[in-house]
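Here is what each chain is made of, one letter per residue.
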Amino acid sequence: MATSRGEFSSRIGFIMAAAGSAVGLGNIWGFPTQTASNGGAAFVFVYLILAFCLAYPAFMAELLIGRYGQANAVTSLQKMSRTKGHKQFAFIVGFGGVVCAALILSFYGIIAGWMMSYAIEPVAHFIGAGNSAEWVVSQSLTRNILFTACFMFLTIFVIRRGVEDGIEKWSKRLMPLLIGLLILLIGYVFTLEGASEGLNAYLNPDFSRVLDPGLLISAMGQAFFSLSLGTSVMVIYGSYISKKENLVSLGAQVTLIDVSIAFLAGLLIIPAMYVAQAQGVAIFADDGSLISGSGLVFAVLPALFDTMGSMGLMVGFAFFVLMSVAALTSSISMLEGPVSYVVERHNIERKKATTFIGILIFFMSVGIISQLGVMLDFVATLATEYGQPIIAMLCCVFVGWIWHRNDILKEIQSGNEKVEHSIFWKIWPWYTKFVCPTAIAIVFIHSLR
Ligand code: PFF
């Protein structure tokens, strides 16, 4: 059965695909700006702790659910269920994750479309099409719909090809491109005036803020969003991993790559902002904080590229290609969640299911675009601040309280026979049962206040 539904052909294939899902706009845009507005290295420090102590155990729970079930999130969770009540609970958690992935894709696709449009702008300038260059970065309805459609087309194109030929092949091509572009851009920005001041701001910790509740909430939200938790995505990716692989170390490697790329992105974005300041671009908002959010990516950075003359065209192009690639390796995972659900539960052929769901999500995006000011924030908050933590917490509850400990051990042992005597097995089950759900619930309740 495993082969007929697809499987990653190699360990590196899984690592690239899962790291591709994890590394996205959240790392390259979200992490640096959160760092900037939350006390610099103090945020990095808290983020690292939460990523490894809270997000990694929850990530392992989702991977294990999938590899045990060898199926989409709902079916996998139902395989562990022993009573009718468990089965209903499994449906709510699994289907909730699928809906969450679809919601995230509906707004992520719009932002990714903007990234693509900003990558085209320097090209249009270069070939002398000034009017088109202006149009592609204008906030018009047609431009938003057109670029969202282009991005969704690429996502559908990859997912229609399945696990090995689509997700794995493209992640293996795009991830090295992403890392290469990131390092090149960092190297270039470091040669410019103002970069060292930015580096200082990034790496200089303000430890008085480490226990600030706002900082803790932001760091946890960022870690969960970054590891794509609570969306059924890591469950389905887990189901494509061979039983011969050591899941504990695979999960740790993906977490490490995710965290490292977020850190690298900080080395690019924060120094770039200070370089922009040295060129006379305003980088602080009225309240004295660093400009973050869309103002940073679509105003401060383009203003910096403008000051670089013709070199700026190339740098701007490379930067927005980097953003688009990061978004694509994540969006394919978001589409795979709902597609695998429909293919396996409703027996619909993959290509048809992909096109149908892709178009459906595109229409959801058009709905958001038509009321952009209100809807974008609303859907993003609903999916990432409510949906993801709640579903991730329920997955931990499922593993900790419903799944039999012996069955869990058997699943982890495949590909890792000695795990029973490892520190992982001494801590993780207890951690997933008590610490993760409680910590997520506390942070979540706090964020509601
Ligand atoms: N991890 C991605 C990022 O950091 O941009 C976002 C993401 C991907 C969220 C996949 C949810 C998901 F299912």
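Cut-off values and rules
- Residues numbered from 1 in each chain as written.
- Predicted model: local features only at pLDDT ≥ 70, side-chain atom pairs only at ≥ 80, totals over all residues.
- Heavy atoms only, no water.
- Near = heavy atom within 4 Å.
- Polar contact = N/O pair within 3.5 Å; in protein donor to acceptor, adjacent residues only side chain to side chain.
- Areas by Shrake-Rupley, 256 points an atom, 1.4 Å probe, with all protein chains shown as cover.
- 1 Å grid on protein atoms, 1.4 Å probe; cavity = no way out; pocket = protein on both sides within 12 Å on 5 of 7 lines; lining within 4 Å.
- Sits in = over half its atoms within 2 Å of the grid points.
- Helix = DSSP H or I, 4+ residues; strand = E, 2+ residues; numbered from the N terminus.
- Nonpolar A, V, L, I, M, F, W, Y, C, P; charged D, E, K, R; others polar.
- Points joined across faces, edges and corners; volume = space filled by probe spheres on them.
- Core = buried A, V, L, I, M, F, W, Y, C linked by side-chain atoms within 4.5 Å.
- Buried < 20%, exposed > 50% of the residue type's maximum accessible area, 1.4 Å probe, protein only.
- Contact = heavy atoms within 4.5 Å.
- Axes fitted to C-alpha atoms, helices over the stretch in contact; angles between N-to-C directions.
- Parallel < 35°, antiparallel > 145°, perpendicular 65-115°, else oblique.
- Left-handed = near helix turned anticlockwise from the far one by under 90°.

Some details on the site of the ligand
A22, G26, Y108, S226 and T231 are the nearest of the 16 residues found near the ligand. Contact distances for the ligand include 3.0 Å between a nitrogen atom and a backbone N or O atom of S21. One of the side-chain nitrogen or oxygen atoms of N27 is found 3.3 Å away from an oxygen atom of the ligand. For the ligand, whose unbound accessible area comes to 330 Å², protein coverage reaches 100%. Because more than half of its atoms lie within 2 Å of the grid, the ligand is assigned to the largest cavity. Of all the elements in the fold, those that place two or more residues in the shell around the ligand are α1 (11-22), α2 (25-37), α5 (84-126), α10 (213-226) and α14 (310-346). Per-class residue counts for the shell around the ligand are seven nonpolar, nine polar and no charged.

Considering the layout of surface pockets
Empty space within the largest pocket amounts to approximately 1000 Å³. Q34, Q222, A380, T384 and E385 are the residues nearest the centre of the largest pocket, which is lined by 32 residues in total. Mapped onto the lining of the largest pocket, the elements with two or more residues apiece are α2, α5, α10, α13 (293-307), α16 (372-402) and α18 (423-448). In terms of residue count, the dominant contributor to the lining of the largest pocket is α16 (eight residues). The residue makeup of the lining of the largest pocket, split by class, is 15 nonpolar, 15 polar and two charged.

Describing empty space enclosed by the protein
For the structure on display, the rule yields two cavities of 30 Å³ or more. Taken as a whole, the largest cavity holds about 120 Å³ of empty space. Surrounding the largest cavity, 16 residues form its lining, S21, F225, S228, S330 and M334 being those nearest its centre. Of all the elements in the fold, those that place two or more residues in the lining of the largest cavity are α1, α2, α5, α10 and α14. Broken down by element, the lining of the largest cavity gets its largest block of residues, three residues, from α14. For the lining of the largest cavity, the residue count by class is six nonpolar, ten polar and no charged. In this model, the second largest cavity occupies a volume close to 60 Å³. Surrounding the second largest cavity, L185, V189, L268, I269, A272, L301, L304, F305, M308, V315 and F319 form its lining. Within the residue set of the lining of the second largest cavity, elements represented by two or more residues are α8 (162-190), α12 (247-278), α13 and α14. The residue makeup of the lining of the second largest cavity, split by class, is eleven nonpolar, no polar and no charged.

Considering the nonpolar core
In this structure, F14, Y237, F319, F320 and W428 are the most contacted members of the largest nonpolar core, which totals 160 residues. In contact with Y237, not counting residues within four places along its chain, are F8, F14, A17, A18, S21, I167, I332, S333 and E336.

Regarding the packing of α14 against helix α15 (residues 350-370)
Their axes nearest at 9 Å, the elements α14 and α15 cross at an angle of 130 degrees. Between α14 and α15, the angle is such that the two are oblique. Considering the relative orientation of α14 and α15, their crossing is right-handed. Note on element contacts: α15 touches α14 through R350, A353, T354, I357, G358 and I361, opposite L335, E336, P338, V339, V342 and V343.

That's the geometry; what it means functionally is another story.
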